[in-house]
Amino acid sequence: MRKLYIDMTDNQGCTAYFMKDTAIIQAGATVYSMPVSARNAEYERLADAHDVHFIFDDMRVEVDFYTVPRVDIMAVDSQNGYIATVGALSDLDGDAPICYITSDKKTFLIACNMRVFLEGIENWRAHLTPYDEICFYQSKEDASSVYEFLDRRRLGVEEQTDAKARERWNAKHSADEMEQVNAKARERWDAKHSADEMEQTDAKARERWNAKHSADKMEQANAKARERWNAIHSDYERDRIQYDDWLDTFQDAINNCQTAILDLGCGSGNDTRYLLERGKRVIACDYAKNAIRNIRKNFPEVERAVCLDMTKGLPFENTFTELVVCDLSLHYFTAQKTLEILDEIKRVLRPGGLLLFRVNSVRDVNYGAGEGREVEHHLYETDDGRYKRFFDAQDIERFWGGWDQVYLREEVMERYELEKVLWKGAMRWEIKENAGI
């Protein structure tokens, strides 16, 4: 797909461009300032306590660089650094990443969107991770030597601010004419944009997935997965079952758990063994019958070993447990099924209970990240017909957005032959008043 870049440094209005087979990307360093009348004690507190100085109209902010993609600077710190939205205008409800630019133009990712940034603002510096998606130039002219910029005059693209557009529209078009134009606009949109280009939200992606893939297709994939896992877990002796130390991070929560711990997707029993050796009651659950057979053989002290399909619900009563462990078992499902499984985990957790988990990272290139046919965002169909999902920070927020984040890190696991990159997390589920749950 062709890429065109639009300079936002001289744009004072809301501009939209739609071009067939072309991605329009905003460029330039802009400053987002708020009216002085909006300044209150909370903004002063953030500046004093957390060194985040949001920009108001009476502040002068000097920017001596040009960026691709756009950065919209909304705050500064005492070290002459900038806090900015990447690729879009700063917006409380926006989905654009938030970055930090140092005085010497090193860039770091702070959060996947504005809401996550504000929720973690008390220790925002602790969240910084290197970010190499922004290129710096002295000016638009320098950037133009590398990127193709949209020439509004030559292309004849109409640019209007919202207010002026409404004035001209209302002056020229009656209600009937407006409906005719809307219909023609829809026809042009449908003609110019393929289904892939029109994909904007996960909801639409799920709709297309459900439309394209029948229940038979899903069952075939499940059958192949079951066959594969049964082959992997054909026979294991206890002394071959090793675990790494990932659960050590959560030792206090494990020690304090007074209920049986659910090990969902227990596999050969790595985490089951870890928990049993620390005197905990464990209910080991897996999709593969051979895995459950081996658990019963190798760990007769386990409280229960249950063969189950997480996509069909969990056979446990409400508020059954204080702790659920899902180690590399939540990344095989469509977005809709993943959310349904997490809802079931919420149901069986007691108020304040914890989900401890690890899932594939999009950086897990040694174990298939980006390989196969992408059937929805970050979910791939492998050559043998199974599904495998990989997560980035935005995916974590998307699936666990309503949970209280206790711990979250992207880490490298060395239990396998090659290094595996994954997300390790602990999420607490609290039933909040007036949350509509």
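It should be noted that the structure appears before, not after, this text.
Residues numbered from 1 in each chain as written. Predicted model: local features only at pLDDT ≥ 70, side-chain atom pairs only at ≥ 80, totals over all residues. Heavy atoms only, no water.

A. Expanded view of the packing of aromatic side chains. Considering all chains together, one arrives at 20 aromatic pairs under this definition. Taking 5.6 Å as the distance between ring centres and 80° as the angle between the ring planes, the aromatic pair formed by phenylalanine 65 and tyrosine 82 counts as edge-to-face. Pair noted here: phenylalanine 65 is in the loop between strand E4 (53-54) and strand E5 (66-68) and tyrosine 82 is in strand E7 (residues 82-86), with a separation of 17 residues, a long-range link. Each member of the pair phenylalanine 65 and tyrosine 82 is classed as buried. Seen in terms of ring centroids, phenylalanine 357 and tryptophan 400 are 4.4 Å apart; in terms of plane orientation they differ by 5°. Their pairing is stacked. Of this pair, phenylalanine 357 sits in strand E16 (residues 349-360) while tryptophan 400 sits in helix H13 (residues 393-400), and the two are 43 residues apart along the sequence. When its relative accessible area of 0% is taken as the criterion, phenylalanine 357 is described as buried. Looking at lysine 346, its charged tip hangs above the ring of tryptophan 429, at a distance of 4.3 Å from the centre. In this structure, arginine 409 packs its charged tip against the face of tyrosine 407, placed 5.3 Å from the ring centre. (Phe/Tyr/Trp six-rings, centres within 6.5 Å; stacked < 30°, edge-to-face > 60°. Helix = DSSP H or I, 4+ residues; strand = E, 2+ residues; numbered from the N terminus. Buried < 20%, exposed > 50% of the residue type's maximum accessible area, 1.4 Å probe, protein only. Lys NZ or Arg CZ within 6 Å of the ring centre and 35° of its normal.)

B. Broad picture of the nonpolar core. If you look at the biggest cluster of nonpolar residues, it comprises 33 residues, and the most contacted ones within it are Ile345, Phe357 and Trp400. At the level of elements, strand E12 (261-264), strand E13 (282-286), strand E15 (321-327), helix H12 (335-348), E16, H13 and strand E21 (420-429) are the ones that each hand at least two residues to this core. Element by element, the count of residues in this core is highest for H12, at 5 residues. Beyond its immediate stretch of four places on either side in the chain, isoleucine 345 contacts Leu264, Leu314, Val324, Cys326, Leu355 and Trp403. If you look at the next biggest cluster of nonpolar residues, it comprises 24 residues, including Ile261, Val282, Leu323 and Tyr407. (Core = buried A, V, L, I, M, F, W, Y, C linked by side-chain atoms within 4.5 Å. Contact = heavy atoms within 4.5 Å.)

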